[in-house]
Amino acid sequence: MKRALKIAGYTWAVACIVVVLATFVGNNYFSAKLASSTGITISPWFSGGEIVGSIDHATYKTVIHRPVFDGLIGERKEGFIQIEWQPVTALPLVIEDGIDFTGDGKEDFAFRLDTAAGRGTLTPRNPSVIAIQTLVKVNQGWVARIQLRKVS
Amino acid sequence: MKGFFLGLSSGAVCAAYCAPVLVPYLLGEGRSVLQNFLALLQFLLGRLLGYLSFAVFAWGIHTSLPQDIAHRNLLIGAAYVFLSGLLIFYSFFKAGRACPSAGGQEIDHRLRNSRPSLFLLSMGLATGLNFCPPFLLAVATAAEQASLLQSVLFFLTFFLGTSVFLIPAPFLGLLRGFSPLHVIGKMAAGLIGAYYLFIGATMLAGGFYR
Amino acid sequence: MMKEHPPHAKTIEVRQSPGKSFLFALPMMLLTLMMMSGGKIPADPQRLFVFTVTYLFFNLLFFLMIHTGKTDRYRATAFITYAILFIVSFISHMFEARGSMSLSQEKILLCEVPFCHLVIPMTLIPAAFTKTIIFPGTITGGYASIASMFTIWIGASLSLGRGWCSWGCFFGGLDDAFSRILKKPVFRNINPRWTYLPWAVLLAVVLSAAAFLSPTYCTWLCPFKTVTEFEAVTSFKILVQTILFASLFIALVIVLPLLTKRRTQCSLFCPFGAMQGLTNRINAFDVRIDPDRCINCKRCVTACPTLSVTEESVRAGCPLISCMKCGTCMDVCPSGAVAFHVRGTPVAGNRNIKRMLFLYAAFLFLAIFSGGTIQDGLSRIIRLITTGSMI
Ligand code: SF4
Ligand code: SF4
């Protein structure tokens, strides 16, 4: 018994050295496997959520993400929706968009973006639309997050 | 949800506070795990009753609070600051203090001998009604809820959150070193208290933190 | 009950002659050559120079480790060099990519923030419930992706346990360095109660991260943001956070290690380290104190930078779960009682083999993991000297 334990212990120790080598040699392989087998993604609170639609304006387009209310379990009361305008090179000085994210054919809010001044104006037409959370210029265009609150 | 997490986060403290009361009882009797489990259930039931009566109380506070946002934030902010201050104080500086309901131990001693089942229920009720700091934070948060139903729900989830930590209690016959958990729970509560202190302070400062 | 030195006490049999040391170090030379070069030696003269310096640096340290029988001194040299050059390399990267150390809203929105192992404990509960990672980084690809960091963490946990904190963590070298500056500590006694604080921080950040779905340790507490990257101060909240993490850095990484000669950030605060302690339990290597050799002088108790050796643990024959396998205790032990050990084997006997097995796993990890960064950091410094700019 003692002998068997000893052998097992030493084998395990040698295996640890192999694990170190494998960790680095196979890093790309293992990371890809880890990602694909777990199907894990970035939380919508950071990624902005999946894109659900876009509005085509001749030279540029408005990209609409899904509203994000995701909680650990179920949904939260507070959330946001992310809107993007791209590409940055083709954006006019002033953009005006009416966004319908509920899909009921009625505009939920209007957004006016002054790209020169970097200012946005939000006109809520739905009580769940609260305020502009972030408005940032990124390399492909402009990104805005609009704060939402569920109304019960 | 929020209640559940507040419960979870402060549950360790609750367990740490209450275990000294509960554990000796469970261990002292030298009963089986199943019997211990039943005892725990009685204890939890008492706690639940205590909490639910507080839910009603918190709702009462809520309805009597001024409705205009700035004033409410000021009040709730002040409550947060005061209570989290208490929480920090208890977790870092009052290391020796046990569960506040331990004070009732004397009286309960008689109950314990005459009616053991009632004893546990009343102990639970006492811990449910006591003013231990994490619980007071829960009251302050619940006071923000709009309806009686929401308030009750909040306390129900808070109860579930804290109970998670008491579930292992029946198996405590095996657990010797309980004191590390005690210290850890208290320190964690202190950290969470610090966070609530910040929220309270910002609420007080401008009422813009939401 | 002070014991007399047992007759064999002074013979510290892990020391080796130069010839034998060379033989023992030979496989390391080959493995590091293979791993650090990736199969091809750089042709560019400056790159070649940096590569050679790094390669020789590591192998010299490993040779000395075997030859002198001392572990911590040479480990710390490599470990601290890594931490310093990591910062040099990281900051130059940041300046190159975005012109400052501050993390812009843009990088956060585009999910381009490098992921570090300290975030791991906070991501676990949300990942289990929502199948998402609560961090603005990339899952695969890009600089420091989440999946590659997880892979490295799993590898380190399996092979070294909490040895990670002394052989792998690119931040640990900082408080390690500051804890070595003074000869004698100014404050000797740290209440052992504080060793529970990392667990409390762990509990608090894991639960709050799950509740808010945001990596709360990173936003509020992480002291190492001071030397890597941090959010630009655009609101009162961020100002409070900045003051908080910067003061934690000054206190826990500089001042307290200096005054106590302990690694205070790593052993009294870091939540990742606390969690990593658990992996010590599933690891082949640990540290043991041979009761037959111990003369109860308590030098290991005073010397352990992580407060992992207490009087009880000396009696019990092994340090606490928080041990980082740094080797300090064995270096100071006058009777050779403390040693690396392989689980399942008897504590006495074959100490050289056990030590060698651990050192191969640990040093290899350090050399491969840090090799690239150290080379990059060195080239940045050379660039600074020759052109006046690091980027
Ligand atoms: S350093 Fe520690 S293990 Fe070594 S002899 Fe002294 S007390 Fe014993
Ligand atoms: S017990 Fe020894 S090896 Fe472990 S952390 Fe302390 S000094 Fe380092």
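Just so it is clear, the model here is predicted, and its values are computed rather than measured. (Residues numbered from 1 in each chain as written. Chains lettered and ligands numbered in written order. Predicted model: local features only at pLDDT ≥ 70, side-chain atom pairs only at ≥ 80, totals over all residues. Heavy atoms only, no water.)

**Side note on the overall build of chain C**
Next, step 1: When helices and strands are counted, chain C shows 17 helices and 5 strands.
Next, step 2: In terms of overall dimensions, chain C is globule-like: its C-alpha atoms have a radius of gyration of 21 Å, near the 21 Å expected for 391 residues.
Next, step 3: Judged by the C-alpha coordinates and their principal axes, chain C covers about 65 × 55 × 40 Å.
Next, step 4: The buried share of chain C, reckoned over its 391 residues, is 58%.
Next, step 5: Looking at chain C alone, contacts between residues at least 24 apart form 76% of all its contacts between residues at least 6 apart.
Next, step 6: Counting only carbon and sulfur atoms, one obtains 69% of the accessible surface of chain C, whose full area is about 15500 Å².
Next, step 7: Within chain C, one finds 36 positive and 18 negative side-chain charges whose respective centroids are separated by 5 Å. (Helix = DSSP H or I, 4+ residues; strand = E, 2+ residues; numbered from the N terminus. Rg over C-alpha atoms; globule rule 2.2 N^0.38 Å. Buried < 20%, exposed > 50% of the residue type's maximum accessible area, 1.4 Å probe, protein only. Contact = heavy atoms within 4.5 Å. Areas by Shrake-Rupley, 256 points an atom, 1.4 Å probe, with all protein chains shown as cover. Lys, Arg positive; Asp, Glu negative; His and termini not counted. Charge placed at Lys NZ, Arg CZ, Asp CG, Glu CD.)

**A look at the site of ligand 1**
Next, step 1: Near ligand 1 you find Ile 289, Cys 294, Ile 295, Asn 296, Cys 297, Lys 298, Arg 299, Cys 300, Cys 333, Ser 335, Ala 337 and Val 338 of chain C, and these make up its full shell.
Next, step 2: In terms of residue class, the shell around ligand 1 is built from 8 nonpolar, 2 polar and 2 charged. (Near = heavy atom within 4 Å. Nonpolar A, V, L, I, M, F, W, Y, C, P; charged D, E, K, R; others polar.)

**Digging into the site of ligand 2**
Next, step 1: Near ligand 2 you find Cys 304, Pro 305, Thr 306, Val 309, Pro 319, Cys 323, Met 324, Lys 325, Cys 326, Gly 327, Thr 328 and Cys 329 of chain C, and these make up its full shell.
Next, step 2: For the shell around ligand 2, a count of residues per class yields 8 nonpolar, 3 polar and 1 charged.

**Let's talk about the packing of aromatic side chains**
Next, step 1: What the rule picks out here adds up to 35 aromatic pairs over all chains.
Next, step 2: Ring plane angle 65 degrees and centroid distance 6.3 Å describe the contact between Trp 164 of chain C and Phe 272 of chain C, whose orientation is recorded as edge-to-face. Here Trp 164 of chain C, found in helix 7 (residues 164-167), pairs with Phe 272 of chain C, found in helix 13 (residues 271-279); they are 108 residues apart in sequence, far enough to count as distant. Neither residue differs from the other here; Trp 164 of chain C and Phe 272 of chain C are each classed as buried.
Next, step 3: Of note, Lys 150 of chain A hangs over the ring of Phe 69 of chain A, and the distance from its end group to the ring centre comes to 4.9 Å. (Phe/Tyr/Trp six-rings, centres within 6.5 Å; stacked < 30°, edge-to-face > 60°. Lys NZ or Arg CZ within 6 Å of the ring centre and 35° of its normal.)

**What to know about the pairing of strand 5 (residues 338-342) of chain C**
Residue and element names in this part refer to chain C.
Next, step 1: For strand 5, the tally of buried residues reaches 5 of 5 residues, placing the bulk of the element in the interior.
Next, step 2: When strand 4 (residues 285-289) meets strand 5, the two strands line up antiparallel, connected through 5 bridges. Bridging from a neighbouring strand, Val 287 pairs with Phe 340 of strand 5. (Pairing = 2+ DSSP bridges.)

**Here's the deal with the sheet that holds strand 8 (residues 119-124) of chain A**
Residues and elements named next belong to chain A.
Next, step 1: Sheet architecture is open: 3 strands sit in the order 6-7-8, paired in antiparallel fashion. Here the strands that pair on one side only, and so sit at the sheet edges, are strand 6 (94-99) and strand 8. Across the sheet, the mean angle separating the axes of adjacent strands is 15 degrees when strand polarity is ignored.
Next, step 2: Note that strand 6 and strand 7 (residues 109-114) share 6 bridges and pair antiparallel. Bridge pairing in strand 7 places Ile 95 opposite Leu 113. (Axes fitted to C-alpha atoms, helices over the stretch in contact; angles between N-to-C directions.)

**Quick word on the interface of chain C and chain A**
Next, step 1: Between chain C and chain A, the contact holds 57 residues from the first and 45 residues from the second.
Next, step 2: Here chain C meets chain A over a buried area of about 3900 Å², counting both sides, of which 77% is carbon and sulfur.
Next, step 3: It is Leu 109, Thr 151 and Leu 213 of chain C in chain C that bury the most area against chain A; as a group they hold 15% of the surface buried on that side.
Next, step 4: Scanning the region where chain C abuts chain A turns up 0 salt bridges.
Next, step 5: Applying the counting criterion to the chain C and chain A interface returns 5 residue pairs in polar contact (both at pLDDT 80 or more).
Next, step 6: For the side of chain C that touches chain A, the residue count by class is 38 nonpolar, 15 polar and 4 charged. (Buried area = accessible area lost by both parts, 1.4 Å probe. Salt bridge = Lys/Arg side-chain N within 4 Å of Asp/Glu carboxyl O. Polar contact = N/O pair within 3.5 Å; in protein donor to acceptor, adjacent residues only side chain to side chain.)

**What to know about helix 17 (residues 351-387) of chain C**
Next, step 1: Along its 37 residues, helix 17 of chain C runs 50 Å from first to last C-alpha, staying within 8% of the 54 Å computed at 1.5 Å per residue.
Next, step 2: Phi turns positive, to about 85 degrees, at Gly 388 of chain C, one or two residues after helix 17 of chain C. (Expected span 1.5 Å × (residues − 1).)

**Description of helix 9 (residues 197-212) of chain C**
Residue and element names in this part refer to chain C.
Next, step 1: An ideal rise of 1.5 Å per residue puts 22 Å on 16 residues; helix 9 measures up with 22 Å between its terminal C-alpha atoms.
Next, step 2: Among the 16 residues of helix 9, 12 are classified as buried, and the element is accordingly described as predominantly covered.
Next, step 3: When we look at burial in helix 9, the residues that qualify are Leu 197, Pro 198, Ala 200, Val 201, Leu 202, Ala 204, Val 205, Val 206, Leu 207, Ser 208, Ala 209 and Ala 210.

**Quick word on unusual backbone geometry**
Next, step 1: Following Gln 86 of chain A, the chain continues into Pro 87 of chain A via a peptide bond in cis, with omega recorded as -5 degrees.
Next, step 2: Here Pro 87 of chain A lies in the loop between strand 5 (75-86) and strand 6.
Next, step 3: Although it is not a glycine, Leu 307 of chain C sits at a positive phi angle of roughly 60 degrees.
Next, step 4: Structurally, the position occupied by Leu 307 of chain C is in the loop between helix 14 (299-303) and helix 15 (311-316).

**As for the domain arrangement of chain C**
Residue and element names in this part refer to chain C.
Next, step 1: Along its sequence, chain C is organised into domain 1 (17-68 + 72-101 + 350-391), domain 2 (104-283) and domain 3 (284-346).
Next, step 2: Distance between the C-alpha centres of domain 2 and domain 3: 26 Å.
Next, step 3: The interface is formed by 22 residues belonging to domain 2 together with 16 residues belonging to domain 3.
Next, step 4: Interface area for domain 2 against domain 3, summed over the two sides, is near 1600 Å², with a carbon-plus-sulfur share of 52%.
Next, step 5: The largest contributions to the domain 2 side of the interface with domain 3 come from Arg 262, Asn 280 and Asn 283, which together make up 35% of the buried area.
Next, step 6: Where domain 2 packs against domain 3, one counts 0 salt bridges.
Next, step 7: Applying the counting criterion to the domain 2 and domain 3 interface returns 15 residue pairs in polar contact (both at pLDDT 80 or more).
Next, step 8: For the side of domain 2 that touches domain 3, the secondary-structure elements that each account for two or more residues are helix 6 (146-160), helix 7, helix 12 (264-268) and helix 13. (Domains from an automatic or database assignment.)

**Focus: the side chain of Glu 229 of chain C**
Residues and elements named next belong to chain C.
Next, step 1: For Glu 229, the position within the fold is in the loop between helix 10 (216-221) and strand 3 (230-231).
Next, step 2: For Glu 229, a relative accessible area of 8% gives the class buried.
Next, step 3: Among all residues touching Glu 229, those that are not within four sequence positions of it are Phe 90, Met 94, Arg 98, Met 101, Leu 103, Val 113 and Pro 114.

**Looking at the side chain of Asn 126 of chain A**
All names here are of chain A.
Next, step 1: The residue Asn 126 is located in the loop between strand 8 and strand 9 (129-137) in this model.
Next, step 2: For Asn 126, a relative accessible area of 15% gives the class buried.
Next, step 3: Engagement of the side chain of Asn 126 in a polar contact is seen with the side chain of Asp 108, the distance being 3.0 Å.
Next, step 4: Among all residues touching Asn 126, those that are not within four sequence positions of it are Phe 101, Thr 102 and Asp 108.

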